[in-house]
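Results of the structural survey
One-letter residues, chain by chain:
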Amino acid sequence: MTTAERVRSTARHILEDCMATDLSAEVAVARLAVETDMRAPELADVALDMRTSAVEQRGWLEDIAVLLSGKADAFDSLRSTAASVCHDRLRGETGEMTIRRLAEGFDEAVAISPAASVQLSSLGDSWLERQDFTGADKTILDIGSGIGRFECALHARAKHIVGIDISPRMVAVARRRCAGLGNVEFRRTSGLDLGEFVDAGFDGVLAVDSFPYLVLAGVAERHFIEVARVLRPGGMAAILNYSYRMSPAADSSDIRHLARICAMDVLIDGEMPFRRWDGTAFLIRRTGGT
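What comes next concerns the included structure. (Residues numbered from 1 in each chain as written. Predicted model: local features only at pLDDT ≥ 70, side-chain atom pairs only at ≥ 80, totals over all residues. Heavy atoms only, no water.)

A word on the nonpolar core. Core analysis: the largest hydrophobic core is formed by 41 residues, its most contacted members being Leu141 and Phe224. With near-sequence residues (within four places) excluded, Phe224 lies in contact with Phe211, Ile239, Ile255, Leu258, Ala259, Cys262, Met264 and Ile284. Core analysis: the next-biggest nonpolar cluster, separate from the first, contains 27 residues, Ala25, Met50, Trp60 and Phe75 among them. (Core = buried A, V, L, I, M, F, W, Y, C linked by side-chain atoms within 4.5 Å. Buried < 20%, exposed > 50% of the residue type's maximum accessible area, 1.4 Å probe, protein only. Contact = heavy atoms within 4.5 Å.)

Between side chains of opposite charge, a pair can form when the charged atoms approach closely. Following the criterion strictly, the structure yields 16 salt bridges and no others. The residue Arg101 makes a salt bridge to Glu93 at a minimum N-O spacing of 2.6 Å. Given the relative accessible area of 18%, Arg101 is considered buried. A relative accessible area of 12% means that Glu93 is categorised as buried. Arg229 is the partner of Glu226 in a salt bridge, and the nearest nitrogen-oxygen pair spans 2.8 Å. A residue pair is termed a helical-turn pair when its members lie 3 or 4 positions apart in one helix, as Glu226 and Arg229 do in helix H11 (residues 220-230) at three residues. The network of salt bridges with shared partners includes Asp17, Arg31 and Glu35. (Salt bridge = Lys/Arg side-chain N within 4 Å of Asp/Glu carboxyl O. Helix = DSSP H or I, 4+ residues; strand = E, 2+ residues; numbered from the N terminus.)

Attention shifts here to the sheet that holds strand E5 (residues 231-240). Strand order in the open sheet made by the seven strands is E3-E2-E1-E4-E5-E7-E6, with mixed pairing throughout. Edge positions in the sheet fall to strand E3 (184-188) and strand E6 (264-271), since each has one partner strand and no second. Sheet twist, expressed as the average angle between the axes of neighbouring strands with direction ignored, equals 15°. Along the sheet face, helix H9 (residues 168-177) touches strand E2 (158-165) and E3 and points at about 165° away from the line of E3. Packed onto the sheet, helix H12 (residues 248-261) meets E5, E6 and strand E7 (281-286) and runs at close to 170° relative to E6. (Pairing = 2+ DSSP bridges. Axes fitted to C-alpha atoms, helices over the stretch in contact; angles between N-to-C directions.)

Glancing now at the packing of helix H3 (residues 40-49) against helix H4 (residues 58-70). The interhelical angle for the contact between H3 and H4, taken along N-to-C directions, is 170°, at an axis separation of 8 Å. Taken together, H3 and H4 sit at an angle that is classed as roughly antiparallel. Contacts between H3 and H4 involve Ala40, Leu43, Ala44, Ala47 and Leu48 from the former and Leu61, Glu62, Ile64, Ala65, Leu68 and Ser69 from the latter. In the contact of H3 with H4, the residues fall into nine nonpolar, one polar and one charged. (Parallel < 35°, antiparallel > 145°, perpendicular 65-115°, else oblique. Nonpolar A, V, L, I, M, F, W, Y, C, P; charged D, E, K, R; others polar.)

What follows is about the packing of aromatic side chains. The final tally for this structure, using the stated rule, is three aromatic pairs. Summarising the aromatic geometry, the rings of Tyr213 and Tyr244 are spaced 5.8 Å apart at their centres and angled 90° between planes, so their arrangement reads as edge-to-face. Highlighted residues: Tyr213 in helix H10 (residues 211-217) and Tyr244 in the loop between E5 and H12, separated in sequence by 31 residues. Its relative accessible area of 14% is what places Tyr213 among the buried residues. (Phe/Tyr/Trp six-rings, centres within 6.5 Å; stacked < 30°, edge-to-face > 60°.)

All right, on to the pairing of strand E4 (residues 202-208) then. Each regular strand displays side chains that alternate between the two surfaces of the sheet. Summarising burial for E4: seven of the seven residues are buried, a large majority. As judged from the four bridges shared by strand E1 (residues 135-143) and E4, these two strands associate in the parallel manner. Considered in E4, the bridge of Leu141 is made with Val205. Of the strand pairs in this sheet, E4 and E5 are connected by six bridges, and their pairing is parallel. Bridge assignment links Phe202 to a residue of E5, and that residue is Leu231.

Assignment of secondary structure puts Gly195 in the loop between E3 and E4. On the basis of relative accessibility, which here comes to 54%, the residue Gly195 falls in the exposed class. Expressed as a C-alpha distance, the spacing of Gly195 and Val230, which sit 35 residues apart in the sequence, is 9.3 Å. When residues no more than four places from it in sequence are discounted, the contact partners of Gly195 are Glu226 and Arg229.

All right, on to the packing of helix H1 (residues 3-20) against H3 then. At a closest axis distance of 10 Å, the pairing of H1 and H3 adopts a crossing angle of 60°. The angle between the axes of H1 and H3 places the two elements in the oblique class. The interaxial crossing formed by H1 with H3 has right-handed handedness. Across from Arg8, Ala11, Arg12 and Leu15 in H1, the residues of H3 making contact are Glu42, Leu43, Val46, Ala47 and Asp49. In terms of residue class, the contact of H1 with H3 is made up of five nonpolar, no polar and four charged. (Left-handed = near helix turned anticlockwise from the far one by under 90°.)

This is the structure we're talking about:
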């Protein structure tokens, strides 16, 4: 098999995996950008070629081809921003060094494209609403708030939202985007702990694609314990993606272990409730509330 054939085979496997798990065309395109080196037009051809062997998914494959053909610039931006952040722990790095390097990577990513520098998929505030996570009386902490997308979506369904991020450029973009929202604030954080926040100060803690980087830096357990501390009794933490280890069983085991030592209840354990995103959801509640 030639190099070109191997690359095309990789693209086919990604698309087949997305089909098998009923993910959206947008998610498939994002995975192609991150996991292959092929250009958008070539990937569009792969999708169209697969129609003969996946007749029932013909429309889905054609949607992917349209996205790749019509948004090649956005596809290239997504690939460039993804390459800005290294997802491996470098030899000899301390947790502090890893956090600092990640912050620099996120700064570089947001300079390339603010929109592409964060998770492009749609969480949908309806899922959080169904879990009773939001509410007019709720104060929410968003760990890894990026450019403030969730603050824009959730501000009308919360009393107050505090977004924190290690990237000063992302914090600056978020503040500009949400300048008119009186119940939203953003702070740059060290990424090492939540020491700036008081005990039992929040009804909810949201962490969308931020814990994988905390796991990478070796500070995830510390943050989980801190999350339990800053939550009020009965408060909930929504952790969407715990790691990028590609092991749902390991993530679930870690979450359940941490919940036990923090006196928290696991309400949702590793579900994948979002068709437009392949994220894994964990919902944990601090005991003592109703």
